Amino acid sequence: MKFGQPSTLPRWAQLTVLPLLNLIAALAITALVVWAIGEDPWECMKLLVGGAFGYGEGIGYTLFYTTGYIFTGLAVAAAFHAGLFNIGGEGQVYIAGLGVTLACYAFDGILPAPILIPITLIASMAFGAAWAYLPGYLQAKRGSHVVVTTIMFNYIAAALMGYLFNRVLMEKGGTNTATREFAQAAWMPSFQHMGSWFGLELPNTPLNASLFIALICCVLFWKVVWHSKWGFELRTTGTNEHAAKYAGISVSKVVIVAMCFSGALAGLAAVNEVLGSTHRMNMTFTNGIGFVGIAVALMGRNHPVGIVLSALLFGALTQGGLDLSLDKPNITREMIIFIQGLIILFCGALENLFEPFIAPLFKRKS
Amino acid sequence: MDLLFSILESTIRAATPLMLAALAGLFSERSGVVDISLEGKILFAAFASASAAYVSGSPWVGMLAGMGVAVMLAMVHGFVSVTYNGNQLISGMAINIIASGLTPVLGLAWFQQGGNTPQLESEMRFREIHWPGEEMMQNVPVLGQFYNHILSGHSIIVYMTIVIIPVVTWFIYRSRFGLRVRAVGENPHAADTAGVSVAKIRYTALFWGGLLCGLAGTYLSVYQTGSFIREMSAGKGFLALAALIFGKWRPVPAVIGCLLFAFFDAIQIRLEGVALPIVGEVPSQFIQVIPYVLTVLLMAGFVGRATAPKAIGVPFVKSR
């Protein structure tokens, strides 16, 4: 068996059959673990799917989680196209939350929603991009590996925010480590609210207009990465840095801008959480969303369509998993983290593992 | 003086798992395999050793289980990095996430204590070894405190680590295997031409790294806290990685890096809420963050260039 060789499968099979097989492998191992701890995998699967899609509220929560994952998934993919592995999504989302909070603290009493919300969007992107800029700069100019620096930046962000929460941001007299609630003008309109404009009665979930922003980002991402000069430079740098340099592309500029692009996308996830759901920033709002983005991008093969689908998968896993953990006290929500890890392993590190097994099927046909 | 010695004592305690993990990373990275999965291996080993020690009643069985599990994870990493030529960073990340997800799931299912393991009875865990004559030394100034706090009163794993450090240094620089590890990490094609099996050396290096991570995890759960607590590795694997970079992939400087980081940790706990002259009260987060900031500065070449092994992270494909 030969691994690590260029793929011989048709493109559509590479994009559909292999990820599907990887997903099945990950779920099979999960089923083994479920079975080993004395639960029925099939029953759990039904509960999980039912929890994610079986009722209105479940669907709302699934799509709410999906929205965040689309942002962080796109962020990881943006860096990937330049050959960079941005593990710093978590820190970038965290710092972007600070940007949103500062914008709200400054303007939420004065400005109306149509002006305030764009300002918070820009603030989130600017803060996310700024936090990704330094690792990008250091990679481009100093050759320090972006993976290690972004890991360090996650810890630095956590310490910085820990300090700010304790000393500056925490609401006076509040019991949680959270900021004060923002004025209503800063709330992202929820689906329930938007539904009432059209006379629809939708369940009360945190699902909000950020979903539309996420989908717009997908289209823009596709446009920028595949249909712009800069996107071409980005992908060339990612494919072959030396060739890119030889072709006159400024690799260091591409690297820095790609990291900022990535950080800005990650930053938007903070808007979904902070302005869409809690309407205040609390200490643990990121909750691993940056790491899920890695799995989403790998599973979606760094393409917006794939990312939307895999973000939906992970959104469903998160929501269904929470429901499942309520029904089955033996299965905690960490099971979902475990599944994420398996999917990252199979879809990212072992992406073509099953190719040698299915390649003969395709050869016979052609 | 008392304060100084108690800070040094906590430094040794906090540095032990870091040093073991940093040496584990050294084996792997010197052979050319990036290992950001130290964190996951420590965490899973801590869980396995605490579980096994609880079930068997022996800390030694726990240690074996911890090492076994960490080696298994190292072999998964080896399969991806060496056999399959996959992305080593993604593999490492996946192992970390798998460990942080699976340990509480298994913990809850087996012990029903919210994902932690039950507190180990005193015969199930490693205890502090008190050297003879501690009481006598109590009254001797300085030397007595040195004897009681620094030399005596640690777990067996601390003493093992003190032996392991020179052994690993010798292994890497003086042994045949160490020479091959370094050769494979710097120039696998040359090593291959010279008849060295790159795959075999890398798997072996990962194996030793797994054993050391297992020991680090055992130290946390079977000695330090006496039970497994979720996420108890708390970034130690990444801190060890930072120390490894800090030490420029050399064993003794890496160990010194670990001691330095552990020292920051020890003084940070002491400084909590204490007002210092001139600067006033230093927020604990500022001290916590020092190792990470140092690593970034070091990697950026501001403190001195950290040169990684040349073939690090690059899958080896035999040339024709």
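Residues numbered from 1 in each chain as written. Chains lettered and ligands numbered in written order. Predicted model: local features only at pLDDT ≥ 70, side-chain atom pairs only at ≥ 80, totals over all residues. Heavy atoms only, no water.

### Description of the overall build of chain B
Test applied: By definition, any uninterrupted DSSP run of H or I lasting at least four residues is a helix, any uninterrupted run of E lasting at least two residues is a strand, and each is numbered from the N terminus. The globule rule is 2.2 Å times the number of residues to the power 0.38, and the radius of gyration it is compared with is taken over C-alpha atoms. Note on contacts: a residue pair is in contact if any heavy atoms of the two residues lie within 4.5 Å. Note that accessible areas follow from Shrake-Rupley with a 1.4 Å probe, and for residues the cover is restricted to the protein chains shown.
In terms of helices and strands, chain B carries 14 helices and two strands. Rg of the C-alpha trace for chain B: 20 Å, near the compact-globule value of 20 Å for 320 residues, within the 12% margin. For the C-alpha atoms alone, the extent of chain B along its principal axes is close to 70 × 50 × 40 Å. Put simply, of all contacts in chain B between residues at least 6 apart along the chain, 77% involve residues at least 24 apart. Accessible surface computed for chain B: about 12,900 Å², of which carbon and sulfur atoms make up 67%.

### A short note on the overall build of chain A
In plain terms, the rule: Any residue under 20% of the maximum accessible area for its type is buried, any over 50% is exposed, and the rest in between are partly exposed; the area is computed with a 1.4 Å probe on protein chains only.
Secondary structure assignment for chain A yields 15 helices and zero strands. Its C-alpha atoms give chain A a radius of gyration of 21 Å, within 12% of the compact-globule value 21 Å for 366 residues. For chain A, the spread of C-alpha atoms along the principal axes amounts to about 70 × 55 × 40 Å. Out of the 366 residues belonging to chain A, those deemed buried represent 55%. Sequence separation of at least 24 residues holds for 77% of the intrachain contacts in chain A that already meet a minimum separation of 6.

### Here we look at the interface of chain B and chain A
Basically, it comes down to this: When two parts are brought into contact, each loses some accessible area as probed by a 1.4 Å sphere; the total of that loss over both is the buried area. We define a salt bridge as a contact between a side-chain nitrogen of Lys or Arg and a carboxyl oxygen of Asp or Glu at a distance within 4 Å. Here a polar contact is taken to be a pair of N or O atoms separated by no more than 3.5 Å, where protein atoms must pair a possible hydrogen donor with a possible acceptor and residues adjacent in sequence count only if both atoms sit in side chains. Basically, the charged four are Asp, Glu, Lys and Arg, the nonpolar ten are Ala, Val, Leu, Ile, Met, Phe, Trp, Tyr, Cys and Pro, and anything else, Gly included, counts as polar.
Counting from both sides, the interface comprises 44 residues of chain B and, opposite them, 45 residues of chain A. Both faces combined, the contact of chain B with chain A buries some 3,900 Å², and carbon together with sulfur accounts for 77% of it. For the pair chain B and chain A, the interface holds one salt bridge. B:Arg230 is the salt-bridge partner of A:Glu334, the closest N and O atoms lying 2.5 Å from each other. Run the count over chain B and chain A and you get seven residue pairs in polar contact (both at pLDDT 80 or more). Among the elements of the structure, α3 (59-83), α4 (88-111), α11 (236-246), α13 (284-288) and α14 (290-299) of chain B are those that each provide at least two residues to the side of chain B that touches chain A. Across the side of chain B that touches chain A, the residue classes break down as 29 nonpolar, 12 polar and three charged.

### Quick word on unusual backbone geometry
Glycine aside, a negative phi is what most residues show, and trans is what most peptide bonds show. For B:Ala234, which is not glycine, the phi torsion reads 40° and is therefore positive. One non-glycine residue, B:Lys248, lies in positive phi territory at about 50°.

### Some remarks on helix α3 (residues 56-81) of chain A
For an α-helix, 3.6 residues make a turn, and residues three or four places apart therefore share a direction. Quick note on the threshold: In a helix, the anticipated span is given by 1.5 Å times the number of residues less one.
When the terminal C-alpha atoms of α3(A) are compared, their 36 Å separation across 26 residues agrees well with the 38 Å that a helix rising 1.5 Å per residue should span. Two residues or fewer after α3(A) comes A:Gly83, characterised by a positive phi angle close to 80°.

### Side note on the nonpolar core
To keep things clear, this is the line we draw: For the purposes of this section, nonpolar cores are sets of buried Ala, Val, Leu, Ile, Met, Phe, Trp, Tyr and Cys residues that join through side-chain atoms within 4.5 Å.
In terms of nonpolar packing, the biggest core is built from 209 residues, with A:Leu275, A:Phe314, A:Ile343 and B:Ile36 touching the most fellow members. In this structure A:Ile343 touches A:Leu23, A:Ala26, A:Met299, A:Leu313, A:Phe314, A:Leu317 and A:Gly348, once residues within four positions along its chain are discounted. Counting residues in each nonpolar core, the second largest holds six residues, with A:Leu9, A:Ala13, A:Ala359 and A:Phe362 among its members.

### Focus on the state of the cysteines
Residues and elements named next belong to chain A. Rule in force here: Two cysteine sulfurs form what is called a disulfide whenever their separation falls within 2.5 Å.
Inspection of the entire model under this criterion finds zero disulfides over all chains. Here Cys-104 stays free of any disulfide, with the sulfur of Cys-217 as its closest cysteine sulfur at 18 Å. No disulfide involves Cys-217; its sulfur sits 7.2 Å from that of Cys-218, the nearest cysteine.

### Observations regarding the UniProt feature "transmembrane region" (unreviewed entry) in chain B
All names here are of chain B. Here is the rule: UniProt positions are given in the numbering used here, feature names are shortened, and annotations may be inferred rather than shown by experiment.
Residues annotated by UniProt as "transmembrane region" (unreviewed entry) correspond here to residues 63-82, 89-111, 156-173, 205-222 and 252-269. In this annotation, residues 89-111 is assigned 100% helix and 0% strand; the end-to-end C-alpha distance for the span is 33 Å. Overall, residues 205-222 shows 100% helix and 0% strand. The separation of its end C-alpha atoms is 25 Å.

### Here's the deal with the side chain of B:Thr295
Examined against the element boundaries, B:Thr295 turns out to sit in helix α14. Its relative accessible area of 1% is what places B:Thr295 among the buried residues. Here B:Thr295 is in contact with A:Met152, B:Ala242, B:Ile245 and B:Phe261, once residues within four sequence places are set aside.

### Observations regarding the packing of α3(A) against helix α12 (residues 289-299) of chain A
Residue and element names in this part refer to chain A. Heads up, the condition is: What counts as an axis is a line fitted to C-alpha atoms, over the stretch in contact for a helix, and the angles between N-to-C directions run from 0 to 180 degrees. By convention the crossing between two helices is left-handed if the near helix lies anticlockwise of the far one by an angle smaller than a right angle, and right-handed if it lies clockwise.
Orientation of α3 relative to α12, taken along the N-to-C sense of each, is 65°, at an axis distance of 7 Å. You can see that α3 and α12 cross each other, and the crossing is right-handed. Of the residues in α12, those in contact with Gly-68, Tyr-69, Thr-72, Gly-73, Val-76, Ala-77 and Phe-80 of α3 are Ile-289, Gly-290, Val-292, Gly-293, Ile-294, Val-296, Ala-297 and Leu-298. Looking at the contact of α3 with α12 residue by residue, the classes come out as 10 nonpolar, five polar and no charged.

### Overview of the packing of aromatic side chains
Convention followed: Classification of ring pairs uses Phe, Tyr and Trp, with its six-membered ring standing for Trp, and accepts pairs whose centres are within 6.5 Å; under 30 degrees between planes counts as stacked, over 60 as edge-to-face, and the remaining range as tilted.
Applying the stated criterion across every chain, the model contains 30 aromatic pairs over all chains. For the ring pair A:Phe221 and A:Phe261, a centre distance of 6.0 Å and an interplane angle of 15° mean the geometry is stacked. With A:Phe221 in helix α8 (residues 210-227) and A:Phe261 in helix α11 (residues 251-278), this residue pair connects regions lying 40 residues apart in the sequence. On the basis of relative accessible area, A:Phe221 is assigned to the buried category, the value being 1%. Centre to centre, the rings of B:Trp60 and B:Phe126 are 5.0 Å apart; their planes meet at 85°, and the pair counts as edge-to-face. Here B:Phe126 lies in the loop between α4 and α5 (134-137) and B:Trp60 lies in helix α3, a separation of 66 residues in the sequence. You can call B:Trp60 partly exposed: its relative accessible area is 47%. On the accessibility criterion, B:Phe126 (5% relative accessible area) is buried. Here a set of aromatic residues connected by ring pairs shows up, and it is made of B:Phe27, B:Trp170, B:Phe171, B:Phe177, B:Phe207 and B:Trp208.

### Focus: helix α2 (residues 41-53) of chain A
Residues and elements named next belong to chain A. Let me state the cut-off plainly: For this quantity, the arc is that covered by the directions from the helix axis to the C-beta atoms.
Here α2 contains 13 residues, and its C-alpha end-to-end distance of 18 Å stays within 8% of the 18 Å for a straight helix at 1.5 Å per residue. Along α2, the positions that sit buried rather than exposed are Cys-44, Leu-48, Gly-51 and Ala-52. Considered in projection along α2, the buried side chains sweep an arc of 95° and stay on one side of the axis. The exposed set on the far side of α2, more than 90 degrees from its buried face, consists of Trp-42 and Lys-46. Among the structural elements, α1 (11-36), α3, α13 (304-327) and α14 (334-349) are those in contact with the buried residues of α2.

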